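Residue-level listing of the chains:
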Amino acid sequence: MDDLFSQFMFLSDQALHDKSFDPSTIEDLMKLFELEAYKAWAAMELDHEREVREAEYSMRDAEDYLDSVMESAMEEFRRFEEEMDREAKAELSSLVQLGEAARRMGKSMENAATFAAKKYIEAAMNSAGASMRSAWKGLSSKKVHPS
């Protein structure tokens, strides 16, 4: 392009000083300028397309990396969730067993209390029966109590 500018300046000077100058030479030079501009534009277009492709490749790589990281994070979350489920089930099972043991203990204590109450009532009834028999014996023997 610099060579074309130099040539254009030379032809411009020649056109100013030489009356027999042929203007078609400048037209030929302008066509060369136009060709050079199209070449530069095509080169820029190719560079732009290459940069777009590179950006697309970089974007695809970034998306692949993001997918990989997200998949790893989701896998870790799944493992964590499974572990928490196992721990929760184990704790629930432990609490159910503890509750069942407490229920059995309560049932056993209820049975013991019921048995003790029955024995107490039986003893009280026997004592009252003995007192009544003793009182009837005293009445039937016609003895009066000293008080």
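Let me begin by describing the structure that accompanies this report. What you see is a predicted model; the values in this text were computed from it and never measured.

The rules we used
- Residues numbered from 1 in each chain as written.
- Predicted model: local features only at pLDDT ≥ 70, side-chain atom pairs only at ≥ 80, totals over all residues.
- Heavy atoms only, no water.
- Helix = DSSP H or I, 4+ residues; strand = E, 2+ residues; numbered from the N terminus.
- Rg over C-alpha atoms; globule rule 2.2 N^0.38 Å.
- Buried < 20%, exposed > 50% of the residue type's maximum accessible area, 1.4 Å probe, protein only.
- Areas by Shrake-Rupley, 256 points an atom, 1.4 Å probe, with all protein chains shown as cover.
- Lys, Arg positive; Asp, Glu negative; His and termini not counted.
- Charge placed at Lys NZ, Arg CZ, Asp CG, Glu CD.
- Patch = residues over 30% accessible without salt bridge, like charges linked within 9 Å, V, L, I, M, F, W, Y side chains within 5 Å.
- Salt bridge = Lys/Arg side-chain N within 4 Å of Asp/Glu carboxyl O.
- Core = buried A, V, L, I, M, F, W, Y, C linked by side-chain atoms within 4.5 Å.

### Remarks on the overall build of the chain
In terms of regular secondary structure, the chain is built from two helices and zero strands. The C-alpha atoms of the chain give 57 Å as radius of gyration, which overshoots the globular expectation for 147 residues (15 Å, by more than 25%). For the chain, the spread of C-alpha atoms along the three principal axes comes to 180 × 30 × 15 Å. Relative to its 147 residues, the chain shows a buried fraction of 3%. Accessible surface for the chain amounts to roughly 13300 Å². Of this, 62% is attributable to carbon and sulfur atoms. With 19 positive and 31 negative side-chain charges, the chain shows a separation of 40 Å between the mean positions of the two kinds.

### Description of a nonpolar patch on the surface
Residues Met-74, Phe-77, Phe-80 and Met-84 make up a contiguous nonpolar surface patch of roughly 380 Å² in combined accessible area. Examined against the element boundaries, Phe-80 turns out to sit in helix α2 (residues 24–140).

### Topic: the nonpolar core
Core analysis: the largest hydrophobic core is formed by five residues, namely Leu-4, Leu-11, Phe-21, Leu-29 and Phe-33. Contributions of two or more residues to this core are made by α1 (2–17) and α2.

### Topic: the pattern of salt bridges
On inspection of all chains with the given rule, the structure shows eight salt bridges. In this structure, Arg-50 engages Asp-47 in a salt bridge whose closest nitrogen and oxygen atoms are separated by 3.7 Å. Pair noted here: Arg-50 and Asp-47 are both in helix α2, with a separation of three residues, about one helical turn. By relative accessible area, which is 36% here, Arg-50 ends up partly exposed.

### Concerning a negative patch on the surface
Together, Asp-61, Glu-63, Asp-64 and Asp-67 line one region of the surface with negative charge. Mapped onto the fold, Glu-63 is located in helix α2.

Interpretation in functional terms is not warranted from these geometric data alone.
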